[in-house]
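# Structural description and commentary
Take a look at the letters that make up each chain.
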Amino acid sequence: MQVLKFGGTSIATATNISRVLDIVGAAARKDRVILVCSAISGCTDSLLLVGAGAVHYTDRISELEDRHREIITRLFTGAQRDEALKECEDIFKQIKQRPPCTEAFGEILSTKIIARKLACDGIEVQWLDSRKLVIKDDVKATYANIASAVEQRRAVRVFVAPGFIARDKEGSVTTLGRGGSDYSAALYAAAVGASSLQLWTDVPGIMTTNPKDLPQARTIPRLSYDAAWRLAEHGAKVLYPPTVKPAQEAGIAIEIKNTFDPSNPGTVVGDFKDAKGWIGLARKDDFIYLVTAGDIDTASARTRINGVLDRRCITWDDISFQDGLIGIKVPFDQQKEALKGLHREFFELEPNRTRRIFIAGYGAVGKALVKMIGDTSMTVTHNSGKTLRIAGVSNSTHYAIRPGGLMPWEVDDALASGQDASGDAFCKAIIGLEPHQAVFVDCTDSEAIYKQYEALLEAGISVVSSNRRSLAVPYADYARMKTAALQSGCFLRYETTVGAALPFLESIAMSANSSDEIISIEAVVSCTLNYIFSSKDSFIDTLRKAQKEGLTEKDPRTDLGGRDAMRKLIILAREAGVHLEEKDVEIEPVLDSSFFEGSVEDFYAKLEKAEPRFGRNQRFVASLVKDPSSPLGYKASIRVQTVDESHPAYWLHGTDNAIIVRSTFHPSPLVIQGAGEGARVAASSILNDILK
Ligand code: ADP
Ligand code: ASP
Ligand code: MG
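What comes next is a walk through the structure.

Each value, and the rule that gives it
- Residues numbered from 1 in each chain as written.
- Chains lettered and ligands numbered in written order.
- Predicted model: local features only at pLDDT ≥ 70, side-chain atom pairs only at ≥ 80, totals over all residues.
- Heavy atoms only, no water.
- Helix = DSSP H or I, 4+ residues; strand = E, 2+ residues; numbered from the N terminus.
- Rg over C-alpha atoms; globule rule 2.2 N^0.38 Å.
- Buried < 20%, exposed > 50% of the residue type's maximum accessible area, 1.4 Å probe, protein only.
- Areas by Shrake-Rupley, 256 points an atom, 1.4 Å probe, with all protein chains shown as cover.
- Lys, Arg positive; Asp, Glu negative; His and termini not counted.
- Charge placed at Lys NZ, Arg CZ, Asp CG, Glu CD.
- Polar contact = N/O pair within 3.5 Å; in protein donor to acceptor, adjacent residues only side chain to side chain.
- Contact = heavy atoms within 4.5 Å.
- Near = heavy atom within 4 Å.
- Pairing = 2+ DSSP bridges.
- Axes fitted to C-alpha atoms, helices over the stretch in contact; angles between N-to-C directions.
- Parallel < 35°, antiparallel > 145°, perpendicular 65-115°, else oblique.
- Left-handed = near helix turned anticlockwise from the far one by under 90°.
- Nonpolar A, V, L, I, M, F, W, Y, C, P; charged D, E, K, R; others polar.
- Phe/Tyr/Trp six-rings, centres within 6.5 Å; stacked < 30°, edge-to-face > 60°.
- Lys NZ or Arg CZ within 6 Å of the ring centre and 35° of its normal.
- Expected span 1.5 Å × (residues − 1).
- Arc of directions from axis to C-beta.
- Disulfide = S-S within 2.5 Å.
- Core = buried A, V, L, I, M, F, W, Y, C linked by side-chain atoms within 4.5 Å.

On a plain count of helices and strands, the protein chain comes out with 25 helices and 27 strands. Relative to its length of 692 residues, the protein chain is compact, with a C-alpha radius of gyration of 29 Å against a globular reference of 26 Å. When the backbone C-alpha atoms are referred to their principal axes, the protein chain occupies close to 95 × 70 × 40 Å. By the burial criterion, 53% of the 692 residues in the protein chain qualify as buried. As displayed, the protein chain offers around 30800 Å² of accessible surface, 49% of which is attributable to carbon and sulfur atoms. Seen as two clouds, the 83 positive and the 89 negative side-chain charges of the protein chain have centres 2 Å apart.

Structure (structure tokens):
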């Protein structure tokens with residue numbers, strides 16, 4: 001079960017609700033969902049005024065009713081529209097009576113509308129009444145109520161529950177406090193042991209300060225529960241402080257994401273150790289707070305704060321230091337100026353832009369990468385503001401680690417006098433360093449190294465891979481790596497695994513993320529076979545030449561049998577959201593099965609005799625084609641195809657690769673074509689993955 005919560009701005013209009021429904025729909029295709037919603041933005045404020053009988057409260061009611069009617073009119077047609085309008089009118093009849101806790105109706109209105117819309121879209125939906133299930137100040141009873149409500153309805157795909165509202169122990173309707181929908185979501189998540197708790201809001205996660213105060217604010221990718229709580233408790237409204245406890249107790253990470261930019265990873269709050277130093281700035285009442293982690297040098301912090309405030313002529317009272325928190329009392333009208341200065345001092349001038357790179361595999365690609373990092377360091381720093389440092393390298397026998405950085409020309413010596421790299425020694429050593437902003441780069445062709453990705457990601461180390469064996473693993477393993485990356489807030493990137501530096505995966509991911517429906521992908525991705533098919537010489541001579549030039553795998557039959565193309569197809573398909581496994585791919589090898597028996601020498605001997613010939617208009621094509629009759633919704637196959645001039649792949653030369661994607665957005669296909677191999681090209685793609 002996943003819990004997704006959307007705040008008031010995320011559902012403020014019919015257009016916004018449509019975005020929300022896309023996000024919920026995509027989630028519901030993966031697993032069941034509990035959808036928790038706030039009231040539409042501004043609604044709770046207005047209802048509180050209505051409840052209190054403030055002047056002109058009837059105008060507020062009319063304005064609110066108009067907004068809800070407008071949403072309904074835009075979302076529904078026909079009988080559904082009439083029924084929804086009637087339901088809305090009935091709720092407003094109750095609001096007009098101004099019963100106790102009138103503000104509770106905002107969430108009822110929004111969730112009733114959204115649940116109805118989901119049902120119209122054909123989803124099995126159940127609205128849950130949080131006024132019955134959530135008992136204020138009685139977590140145990142709340143969990144039991146929610147668990148049993150969900151347990152009773154196994155056929156339901158999406159539960160929709162109002163946030164914010166509850167009942168008290170006496171049975172009266174009440175609320176969980178302003179901003180309380182976050183807390184509702186955490187209670188629902190903990191009650192069912194959810195696999196994911198996502199708070200969708202109008203900013204890209206928890207940021208170094210409120211972006212409405214300061215546009216320079218940056219997203220904090222990962223935070224410990226404690227640090228997130230400290231920020232929230234001291235004014236970062238993006239997270240309601242009581243939310244943290246139930247999530248932490250249940251061991252569920254809290255993802256905070258932007259409804260208006262869903263592919264932005266936002267912030268993950270979890271069981272992490274924060275980097276020592278400055279976490280973020282918040283303000284509450286008369287105070288500005290600098291949230292910190294670990295032991296900090298208080299004397300130097302005091303000097304820096306004094307300096308900032310003095311230079312900006314800000315009058316401030318004393319500075320208080322507590323564990324993880326520095327409080328500064330600043331008059332309200334000077335707070336923004338103070339925030340600006342403090343943010344600049346602690347978050348913009350920080351020399352925290354160094355990325356430590358650990359490279360596994362020092363073959364052609366690893367070497368090209370080391371050289372490229374050395375050659376391009378000035379340009380990279382100038383263009384991206386980041387400094388890359390080679391902090392460790394391994395080959396098949398040894399590894400060397402230098403946290404301060406290795407120069408490219410020092411790598412060979414360092415490896416020669418390095419440590420034993422058997423098993424997972426290199427990865428263990430990296431994790432032991434607890435490096436910040438580190439990236440592990442897999443340039444090996446190891447079958448087993450992927451098993452270490454999860455531990456690296458969980459330790460906060462990002463992973464970039466050019467090793468396609470690591471990604472074309474059983475889907476369950478692949479999904480675990482992806483989840484580890486998501487939950488840790490680090491990245492796992494592998495653009496290089498298919499088509500070297502060509503942006504194949506990025507383009508497909510873009511379609512998948514924007515709900516563009518992929519109709520077919522044709523990938524001409526076997527460098528060896530493209531080379532052979534486009535050569536004028538005989539098959540055997542070309543193959544020998546290709547092997548000599550290092551274009552083939554050690555046993556060229558891996559390429560000819562389609563295994564390599566299959567791995568690439570699996571990676572492409574998964575990027576498109578299709579859970580493809582090896583067994584789902586139908587392969588017609590280039591040569592019949594007798595060629596695949598015996599040694600490489602036997603194979604060449606047999607080729608001499610058989611002299612197979614191929615035409616220059618043939619291509620080895622891996623394709624994924626939409627097919628509603630197959631269980632995955634797509635059919636995957638790899639075979640030799642004859643192409644004519646109308647086919648984009650007809651124009652491929654040498655070892656070039658191409659993909660041809662047809663989708664709803666690209667009815668005349670998107671074609672990407674270019675150099676598909678070469679160590680320098682691969683290194684450039686890895687570098688791009690590290691920096692982007
Ligand atoms: P929702 O209705 O989605 O729950 P809220 O208004 O409660 O949204 O919280 C999101 C708002 O929190 C943002 O629009 C932002 O202005 C404010 N905010 C305050 N501090 C921070 C911070 N450190 N990071 C991100 N947003 C913050
Ligand atoms: N609607 C409630 C509020 O405005 C709860 C929430 O949005 O989290 O406080
Ligand atoms: Mg909120």
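Further notes follow.
Moving on, we come to the side chain of Thr 111. Mapped onto the fold, Thr 111 is located in helix α5 (residues 105–120). A distance of 3.3 Å separates a polar atom in the side chain of Thr 111 from the backbone oxygen of Ile 108. Leaving out residues up to four positions away in the same chain, Thr 111 has contacts with Cys 37, Trp 127, Val 160, Ala 161 and Pro 162.

Around ligand 1, the surrounding shell holds 16 residues, and the nearest of these are Thr 201, Asp 202, Met 207, Asn 210 and Lys 212. Contacts to ligand 1 include Thr 201, whose side-chain N or O atom sits 2.6 Å from an oxygen atom. Here Lys 212 contributes a side-chain N or O atom positioned 2.7 Å from an oxygen atom of ligand 1. Look at ligand 1: alone it shows 570 Å² of surface, and the protein chains cover 91% of it.

Here we come to the sheet that holds strand β8 (residues 222–224). Here eight strands make up an open sheet; going across it, the order is β3-β4-β2-β1-β7-β9-β10-β8 and the pairing mixed. Here the strands that pair on one side only, and so sit at the sheet edges, are β3 (125–127) and β8. Direction aside, the axes of adjacent strands within the sheet are offset by 20° on average. Pairing of strand β1 (residues 2–6) with strand β7 (residues 196–201), which is carried by five bridges, proceeds in the parallel orientation. Looking at the pairing, Phe 6 lines up with Trp 200 of β7. Across the sheet, α5 touches β2 (33–37), β3 and β4 (158–162), and the angle it forms with β4 is around 165°.

Look at helix α13 (residues 364–384) against helix α25 (residues 679–691): their axes get within 9 Å of each other, and the N-to-C directions meet at 45°. As judged from the angle between their axes, α13 and α25 are oblique. α13 and α25 meet at a crossing whose hand is right-handed. From α13, Ala 364, Val 365, Ala 368, Leu 369, Met 372, Ile 373, Thr 376, Val 380 and Ser 384 reach across to α25, where they touch Ala 679, Arg 680, Ala 682, Ala 683, Ser 684, Ile 686, Leu 687 and Leu 691. Taken together, the residues of the contact of α13 with α25 break down into 13 nonpolar, three polar and one charged.

Around ligand 2, the surrounding shell consists of Ser 38, Ala 39, Thr 44, Glu 107, Phe 164, Arg 178, Gly 179, Gly 180 and Ser 181. Protein contact buries 85% of the 260 Å² of open area that ligand 2 shows by itself.

Turning our attention to the packing of aromatic side chains. Applying the stated criterion across every chain, the model contains nine aromatic pairs. Seen from their ring centres, Tyr 475 and Tyr 478 are 5.6 Å apart, and the 40° between their planes marks the pair as tilted. Of this pair, Tyr 475 and Tyr 478 both sit in helix α18 (residues 475–488), three residues apart, which is roughly one turn of the helix. Considering the side-chain rings of Phe 603 and Tyr 604, the 5.5 Å spacing of their centres and the 55° angle between planes classify their relative orientation as tilted. Exposure class is identical for Phe 603 and Tyr 604. Each is buried. Note that Lys 112 overlies the ring of Trp 127, its terminal NZ or CZ placed 3.9 Å from the centroid. Directly above the aromatic system of Tyr 478 lies the positively charged group of Arg 574, at a separation of 5.0 Å from the ring centroid.

This brings us to α18. Taking 1.5 Å per residue, 14 residues should reach 20 Å; α18 reaches 20 Å between its end C-alpha atoms and fits that length. Regarding α18, the residues found buried are Asp 477, Tyr 478, Met 481, Ala 484, Ala 485 and Ser 488. The buried side chains of α18 occupy one side of the element, clustering within an arc of 120° when seen end-on. Buried-residue contacts for α18 involve β8, α16 (453–458), α17 (468–471), β21 (492–493) and α23 (563–575). Two residues or fewer after α18 comes Gly 489, characterised by a positive phi angle close to 75°.

Quick look at the state of the cysteines now. Under the criterion given, the structure shown has zero disulfides. In this structure Cys 427 is not part of a disulfide, and its nearest cysteine sulfur, from Cys 443, lies 13 Å away.

Counting 70 residues, the largest nonpolar core has Phe 440, Leu 607 and Leu 624 as its most contacted members. A total of seven residues in this core trace back to one element, the largest contributor, which is α23. Residue contacts for Phe 440: discarding those within four places in its chain leaves Phe 358, Ala 360, Phe 426, Cys 427, Ile 430, Ile 449, Tyr 453, Leu 456, Ile 461, Ser 462, Val 463 and Val 464. Ile 34, Ala 185, Ala 186 and Ile 252 belong to the second-largest nonpolar core, a separate cluster that totals 48 residues.

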